[in-house]
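Results of the structural survey
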Amino acid sequence: MTTIAPEETAREAVFDATVAADERIEPRDWMPDAYRSSLVRQIAQHAHSEIIGMQPEANWITRAPSLRRKAILMAKVQDEAGHGLYLYSAAETLGAGRDELLDKLHSGRQKYSSIFNYPTLTWADVGAIGWLVDGAAITNQVPLCRCSYGPYARAMIRVCKEESFHQRQGYELLLTLSRGTDAQHAMAQDAVNRWWWPSLMMFGPPDDESAHSAQSMAWKIKRHSNDELRQRFVDICVPQAEALGLTLPDPDLRWNEERGHWDFGPIDWAEFREVLKGNGPCNEERIGRRRRAHEEGAWVREAAAAHAARKARNAARTAGTGEATR
Ligand code: FAQ
């Protein structure tokens, strides 16, 4: 039988009390190993999603229909890279280095969001991603601003502000198309038809199949279950779709007076599982491109490391002789 040292029990009691009081756990605080590894798992998956998520929209930067749209799209895609950096930094505070996490992404040992394995076929997809994908991301991430782990919660505050801008630009883009020519309206509708169901899958498996929800909610990493947030998202989107003059591709959407929510049709979880297994329409393309970008960026990392080493050498010499070298 293993015995638990009294200091261990005392540290665990402090951790439990901090979580119960809705205060934040900070990097130097003691935390259970399982709490640490679950946070690394979720934050890494989130960070990977942000950087892989740059690809579908970046595909349209060179073909944006005006300078204004191009500037907005470039800023948005750049924001997603920034979100990746905040999140990798949050993971670093837990002892998980960026190299290690990227290695796990590239070798398929860590996931990224299923949504980014779908193609962007037309310009309207940029609008649908902003409205639906960023909209789903905000619905999921606003509660994460109250996550029990301080660095993750604080990163989420800035991320959510930027995601709201992204969501609005997508909505405005779709509204312009919806009110445009018949062909533009049809293009907007087609994009919404293709992105609606995958957006609902972003919230994760149904609650009764969600392996991590119960523990993550007990630790106050997650504040709401996958199904609760999915329902919240549907309730937000239905009136917005109406205002856009577009329909959502679900014949079962009905207001349920008793529940005070919109009922919606069954989600194709077999498709979700296939995408997670690597068999979505763009899995290979996305991960292949990410690996290539990493390999092609090796010289930048080497140059930065060489520069840092030289600066450190110079600083050491200056400290020793009062003189700098080139
Ligand atoms: N895709 O037990 P649960 C964005 C995995 S950011 C792939 O329910 P949990 C911004 C899950 O990891 C989008 N895998 O898991 C943007 C677990 O596998 P594991 C990303 C999924 O953690 C916009 C297994 O299934 N956002 O879009 C998915 O309690 C536009 C069992 O699931 C975040 O990551 C999925 N959809 O709940 C960027 C938010 N769902 O780890 C560019 C933070 C589940 O055991 C353009 N993450 N899995 O191998 C979370 O809130 C949670 O991790 C959930 C999943 C809700 C995603």
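Our subject is the structure that appears above.
First, a word on what this report is: a plain description of the structure on this page.

Parameters at a glance
- Residues numbered from 1 in each chain as written.
- Predicted model: local features only at pLDDT ≥ 70, side-chain atom pairs only at ≥ 80, totals over all residues.
- Heavy atoms only, no water.
- Axes fitted to C-alpha atoms, helices over the stretch in contact; angles between N-to-C directions.
- Helix = DSSP H or I, 4+ residues; strand = E, 2+ residues; numbered from the N terminus.
- Left-handed = near helix turned anticlockwise from the far one by under 90°.
- Contact = heavy atoms within 4.5 Å.
- Salt bridge = Lys/Arg side-chain N within 4 Å of Asp/Glu carboxyl O.
- Buried < 20%, exposed > 50% of the residue type's maximum accessible area, 1.4 Å probe, protein only.
- Near = heavy atom within 4 Å.
- Polar contact = N/O pair within 3.5 Å; in protein donor to acceptor, adjacent residues only side chain to side chain.
- Areas by Shrake-Rupley, 256 points an atom, 1.4 Å probe, with all protein chains shown as cover.
- Nonpolar A, V, L, I, M, F, W, Y, C, P; charged D, E, K, R; others polar.
- Parallel < 35°, antiparallel > 145°, perpendicular 65-115°, else oblique.
- Disulfide = S-S within 2.5 Å.
- Phe/Tyr/Trp six-rings, centres within 6.5 Å; stacked < 30°, edge-to-face > 60°.

On to the packing of helix 6 (residues 124-141) against helix 10 (residues 226-244), then. Where helix 6 meets helix 10, the axes come as close as 10 Å, and the angle between the chain directions of the two elements is 145°. By crossing handedness, the relation of helix 6 to helix 10 is classed as right-handed. In this structure, helix 6 uses W131, L132, G135, A136, T139 and N140 to contact helix 10, whose residues at the interface are L229, R232, F233, I236, C237, Q240, A241 and L244.

Let us look at the pattern of salt bridges. A full pass over the atoms with the stated rule returns 18 salt bridges. A salt bridge links E172 to R69; the nearest nitrogen and oxygen atoms lie 2.9 Å apart. Here E172 is found in helix 7 (residues 150-178), whereas its partner R69 is found in helix 4 (residues 67-92), with 103 residues between them in sequence. E285 serves as the salt-bridge partner of R286, at 3.6 Å between the closest nitrogen and oxygen. The exposure class of R286 is buried, given its relative accessible area of 5%. Relative accessible area serves as the criterion here: at 46%, E285 is assigned to the partly exposed category. Because the salt bridges share partners, they merge into one network encompassing E57, K76, E80 and D134.

As a matter of local geometry, the ligand sits amid 36 residues, with Q45, K111, S210, H212 and K222 nearest to it. In the environment of the ligand, an oxygen atom lies 2.7 Å from a nitrogen or oxygen atom belonging to the side chain of S210. Here an oxygen atom of the ligand and a side-chain polar atom of K222 are 2.6 Å apart. For the ligand, whose free accessible area comes to 1100 Å², the fraction covered by protein is 91%. Sorting the residues of the shell around the ligand by element identifies helix 2 (33-52), helix 4, helix 6, helix 7 and helix 11 (269-279) as the ones contributing at least two each. In terms of residues, the shell around the ligand owes the most to one element, helix 2, which gives six residues. Here the shell around the ligand is composed, by residue class, of 13 nonpolar, 14 polar and nine charged.

Closest axis-to-axis distance for the helix 7/helix 8 (residues 182-201) pair is 7 Å, and the angle between their directions is 135°. It follows that helix 7 is oblique to helix 8 by the angle criterion. In contact with L174, L177 and S178 of helix 7, helix 8 contributes Q184, H185, M187, A188 and V192. By residue class, the composition of the contact of helix 7 with helix 8 is five nonpolar, three polar and no charged.

In this section: the environment of I287. When you line up the elements, I287 lands in helix 12 (residues 283-296). Judged by its relative accessible area of 14%, I287 is buried. I287 sits 31 residues away from T318 along the chain, and the two C-alpha atoms are 45 Å apart.

The subject of this paragraph is the side chain of S49. Topologically, S49 is positioned in helix 2. Taking relative accessible area as the criterion, S49 reaches 10% and is therefore assigned buried. From its side chain, S49 meets the backbone oxygen of Q45 in a polar contact 2.7 Å long. Setting aside anything within four residues of it in sequence, one finds S49 in contact with Y112, S113 and F116.

Here we come to the state of the cysteines. What the rule picks out here adds up to zero disulfides. The cysteine C237 is free of any disulfide, with C160 supplying the nearest cysteine sulfur at 16 Å. Looking at C237, the relative accessible area reads 2%, which means it is buried.

As a further point, take the packing of aromatic side chains. A ring pair, where both rings are aromatic, is described by two values, the distance of the centres and the angle of the planes. Inspection of the entire model under this criterion finds nine aromatic pairs. Ring centres of F15 and Y35 lie 4.9 Å apart, and the angle between their planes is 75°; on these two criteria the pair is classed as edge-to-face. On the criterion of sequence distance, the pair formed by F15 in helix 1 (residues 6-20) and Y35 in helix 2 is long-range, its members being 20 residues apart. A relative accessible area of 2% means that F15 is categorised as buried. Residue Y35 is classed as buried on the basis of its relative accessible area, which comes to 0%. Between F203 and F233 the ring centres are 5.4 Å apart and the planes differ by 45°, which places this aromatic pair in the tilted class. With a gap of 30 residues between them, F203 in the loop between helix 8 and helix 9 (213-218) and F233 in helix 10 connect regions that are remote in the sequence. As far as burial versus exposure is concerned, F203 and F233 are alike and both buried. Joined through ring pairs, the aromatic side chains of F15, W30, Y35 and W219 make up one cluster.

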